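What follows is each chain in one-letter form.
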Amino acid sequence: MPILSLYQKEFLVIKLKMILEIVIKNMATILFIVFILFLWFLIDRMIPRVITHIFRVASTRARHTLDGDNEIRREWFTYRMSTLRQLITQLLRAVLATVMGFTILSAVGINVRPILAGIGIAGLGISLAAQNLIRDFINGILIIVEDQYNVNDWVQIGSYQGTVEHFTLRLTRLRSLEGNLIIIPNSTIQDVVNYTKDWAYAAIYVTIPYEADYLAAKKIIIELADETVKSGDPLIFPDPVFNGIVDYTLNGVKFRCFIKTAPGYQWKVGYKFREELRARYDKAGITFAYPAVNNHLGPAEDPAFFERMSKIWTEQNSPSEAGSGTK
């Protein structure tokens, strides 16, 4: 046992000497790799801050330039810049990772040219096998170029609605009204409804019973729409639109009114408008229509109808006729 222990000690000493010789011999390469890793970490941390600062300065200057324009234009520009900032940050970090990775491989002594050639060949095979992934990126580029939506826009994509919380060339992330996170691959996006683009309408639909005073109801809703527009709110635009009667439903007369607002402001205007309209209709004695069913059993104004029905019932239920029929 002591002899084996001595041999083990000598073996460990030899191994340590070999490791030290390798480290000393390649000290420059190791220090270079450590420096590259540190530089990679430092630049990767700096990229989001630098890009955020650049876009913040650009947004501030652009907002000063757009002072003469309306608030909608400035808000749209802010959302657009936020979307582009996220994409540029991701692309720069991906490029940095690729460059630093190949630099480390070169420092270790691995020839990167065959790797690049192999990546090109593999990319061709991957492009055939991962067509959906490529469609995601292509569709993501088209969404940005065509300005279909930006971060913070409220959109409907297929059957999903929500605020665009995060956007990449691969995915779109929506936050629904209930707080659910919805992740949608860009290749599956076909139909997009953007509720916060340029301007919007607060659409007010009203149905009153047929026996209600339509002219009075019309006068009240037009007066309220004019007051809303003239309230001085810069996010409410002039000239409300009253379409008159648009349909005769089973429950009553249906009409509507539109108030033009800044994008995303239509819901707030609609909430306040409906509350005030309800209060004014209640004050004027005008009710809203609700489902109702009228059952008519027969022409009550015709006495002969009841006489005939009574005669038929008597004939069918007469006991004498029933008895005579059995003999």
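A. Representation of the overall build of the protein chain. From N to C terminus, the protein chain includes nine helices and eight strands. Taking all 327 residues of the protein chain together, 26% fall into the buried category. Contacts in the protein chain between residues far apart in sequence, at least 24 positions, make up 63% of those at least 6 positions apart. When the accessible area of the protein chain is evaluated, it comes to approximately 22500 Å², of which 62% is carbon and sulfur surface.

B. A look at the environment of Gly 162. You can see Gly 162 is positioned in strand β2 (residues 160–167). On the basis of relative accessible area, Gly 162 is assigned to the buried category, the value being 0%. For Gly 162 and Gly 179, which are 17 residues apart along the polypeptide, the C-alpha to C-alpha distance reads 8.9 Å. In this structure Gly 162 touches Asp 153, Trp 154, Val 155, Leu 174, Arg 175 and Ser 176, once residues within four positions along its chain are discounted.

C. Structural context of the packing of aromatic side chains. For the structure shown, the criterion picks out ten aromatic pairs. Each residue in the set Trp 199, Tyr 201, Tyr 205 and Phe 258 is aromatic and connected to the rest through ring pairs, giving one cluster. Directly above the aromatic system of Trp 199 lies the positively charged group of Lys 260, at a separation of 4.4 Å from the ring centroid.

D. Geometry of the side chain of Gln 266. Within the element layout of this structure, Gln 266 appears in helix α7 (residues 266–284). A distance of 2.9 Å separates a polar atom in the side chain of Gln 266 from the backbone nitrogen of Gly 264. When neighbours within four sequence positions are excluded, Gln 266 is seen to be in contact with Tyr 195, Ala 200, Tyr 201, Ala 202 and Thr 261.

E. Quick look at the nonpolar core. Among the nonpolar cores identified, the biggest contains 25 residues, and Ile 208, Ile 221, Leu 277 and Tyr 281 are the most heavily contacted of them. Looking at this core, the elements with two or more residues in it are β6 (200–208), α6 (214–229), β8 (253–261) and α7. Considering every element that reaches this core, the biggest residue donor is α6, with seven residues. If sequence neighbours within four positions are ignored, Tyr 281 has contacts with Val 206, Ile 208, Ala 217, Lys 218, Ile 220, Ile 221, Phe 255, Ile 286 and Phe 288.

F. Quick peek at the pattern of salt bridges. Using the criterion set out here, one finds seven salt bridges in the structure. When the shortest N-O distance is used, the salt bridge between Lys 197 and Asp 147 registers 2.9 Å. In this pair, Lys 197 sits in the loop between β5 (192–194) and β6 while Asp 147 sits in the loop between α5 (131–145) and β1 (154–157), placing the two residues 50 residues apart along the sequence. Assessed through its relative accessible area of 15%, Asp 147 is described here as buried. Connected via shared salt-bridge partners are Glu 227, Glu 276 and Arg 280.

G. Focus on the sheet that holds strand β7 (residues 241–248). Strand order across the open sheet formed by three strands is β6-β8-β7, with antiparallel pairing between neighbours. Either end of the sheet is taken by a strand with one partner, and the two such strands are β6 and β7. The sheet shows a mean angle of 25 degrees between the axes of neighbouring strands, direction not considered. Relative to β8, β6 runs antiparallel, the two being bridged by nine bridges. Counted as the bridge partner of Ala 203 is Phe 258 from β8. Where α6 meets the sheet, its contacts fall on β6, β7 and β8, and the angle it forms with β8 comes to roughly 5 degrees. With respect to the sheet, α7 is in contact with β6 and β8, its orientation differing from that of β6 by roughly 25 degrees.

Conventions and cut-offs
Residues numbered from 1 in each chain as written. Predicted model: local features only at pLDDT ≥ 70, side-chain atom pairs only at ≥ 80, totals over all residues. Heavy atoms only, no water. Helix = DSSP H or I, 4+ residues; strand = E, 2+ residues; numbered from the N terminus. Buried < 20%, exposed > 50% of the residue type's maximum accessible area, 1.4 Å probe, protein only. Contact = heavy atoms within 4.5 Å. Areas by Shrake-Rupley, 256 points an atom, 1.4 Å probe, with all protein chains shown as cover. Phe/Tyr/Trp six-rings, centres within 6.5 Å; stacked < 30°, edge-to-face > 60°. Lys NZ or Arg CZ within 6 Å of the ring centre and 35° of its normal. Polar contact = N/O pair within 3.5 Å; in protein donor to acceptor, adjacent residues only side chain to side chain. Core = buried A, V, L, I, M, F, W, Y, C linked by side-chain atoms within 4.5 Å. Salt bridge = Lys/Arg side-chain N within 4 Å of Asp/Glu carboxyl O. Pairing = 2+ DSSP bridges. Axes fitted to C-alpha atoms, helices over the stretch in contact; angles between N-to-C directions.

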